Amino acid sequence: RDLEKAVMDLHKEKFTQSVSPGLLVSQECGNMYTGSVYASLCSLISSQDAKLDKRALVFSYGSGSAASMFSLRFNRGVDKMRTAINLQNRLSQRTKLTPEEYTQRLSEREQKYKSGVPTQIIHNEKPTNMFPGTYYVKSIDPLGRRQYARTFSTGILRAARYLR
């Protein structure tokens, strides 16, 4: 324990400098499992520490025996991506719910998916309480196949133009 504490103390500043810029979404939203590594990448890109000719080591491990690691180099800069991600704005537009409200919404969602209706329309109209650009289940057919839709976003159009 003493050795572990000494090593942690020795590297605390370097850890904070290297890792903290990628932690914003995880700290704000919690564990998203597979999505966490990409949310952390968005956090890093959105921070001022992601600059031209910098490298990022991206590492993800699961609860089993599989893990993945890859290295990225920001060689064109990230200003356009930072603008398209617009992370601080997205985080500020979240809907705050009490634990009871959240549990109620989960129960309603579970009932929709378990209702047993052969062809169930999950959303009869476009949802208004989702962030622009969000994918959602529109319907499930009798064979259990899902049809997805996406809420409209001008940000998606900007990001699509950037990727061309």
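For clarity, every value in this text was computed on a predicted model and none was experimentally measured. (Residues numbered from 1 in each chain as written. Predicted model: local features only at pLDDT ≥ 70, side-chain atom pairs only at ≥ 80, totals over all residues. Heavy atoms only, no water.)

Caption draft 1: Region of interest: helix 3 (residues 34–46). Buried within helix 3 are the following residues: Ser36, Val37, Ala39, Ser40, Leu41, Ser43, Leu44, Ile45 and Ser46. Against the buried residues of helix 3 lie helix 2 (24–29), strand 1 (54–61), strand 2 (67–74), helix 4 (79–85) and helix 5 (87–92). (Buried < 20%, exposed > 50% of the residue type's maximum accessible area, 1.4 Å probe, protein only. Helix = DSSP H or I, 4+ residues; strand = E, 2+ residues; numbered from the N terminus. Contact = heavy atoms within 4.5 Å.)

Caption draft 2: Quick look at the nonpolar core. One finds Val25, Ala39, Leu41, Leu44, Ile45, Ala56, Phe74, Val78, Ile85, Leu87 and Leu91 forming the largest nonpolar core, which totals eleven residues. Breaking this core down by element, the ones donating at least two residues are helix 3 and helix 5. No other element matches helix 3, which puts four residues into this core. (Core = buried A, V, L, I, M, F, W, Y, C linked by side-chain atoms within 4.5 Å.)

Caption draft 3: The pattern of salt bridges, seen in detail. According to the stated counting rule, one finds three salt bridges in the structure shown. The partner of arginine 94 in a salt bridge is glutamate 28, and the shortest N-O contact between them spans 2.7 Å. Note that arginine 94 is positioned in the loop between helix 5 and helix 6 (99–114) and glutamate 28 in helix 2, a separation of 66 residues in sequence. Classification of glutamate 28 as partly exposed rests on a relative accessible area of 42%. (Salt bridge = Lys/Arg side-chain N within 4 Å of Asp/Glu carboxyl O.)

Caption draft 4: Main features of the environment of glycine 22. Assignment of secondary structure puts glycine 22 in the loop between helix 1 (2–19) and helix 2. On the basis of relative accessibility, which here comes to 11%, the residue glycine 22 falls in the buried class. C-alpha of glycine 22 to C-alpha of serine 46: the two residues are 24 residues apart in sequence and 8.6 Å apart in space. For glycine 22, the residues in contact, after removing those within four places along its chain, are Ser40, Ser43 and Leu44.

Caption draft 5: A look at a nonpolar patch on the surface. Judged by side-chain polarity, Leu57, Phe59, Tyr61 and Met69 come together as a nonpolar surface patch covering roughly 520 Å² of accessible area. By residue number, the principal contributor to the nonpolar patch is strand 1, which donates three residues. Its location among the elements puts methionine 69 in strand 2. Judged by its relative accessible area of 51%, methionine 69 falls in the exposed class. (Patch = residues over 30% accessible without salt bridge, like charges linked within 9 Å, V, L, I, M, F, W, Y side chains within 5 Å. Areas by Shrake-Rupley, 256 points an atom, 1.4 Å probe, with all protein chains shown as cover.)

Caption draft 6: Molecular detail of unusual backbone geometry. Non-glycine residue asparagine 86 carries a positive phi angle of around 50°. One can find asparagine 86 in the loop between helix 4 and helix 5. The partly exposed category is assigned to asparagine 86, whose relative accessible area is 33%.

Caption draft 7: Representation of the pairing of strand 5 (residues 146–150) within the structure. Here strand 4 (residues 135–140) runs beside strand 5; their pairing, made up of five bridges, is antiparallel. Within strand 5, the position partnered with isoleucine 140 by the bridge is arginine 146. Following strand 4, the chain reverses through five residues before pairing antiparallel with strand 5; glycine 144 in that reversal takes a positive phi of roughly 85°. (Pairing = 2+ DSSP bridges.)

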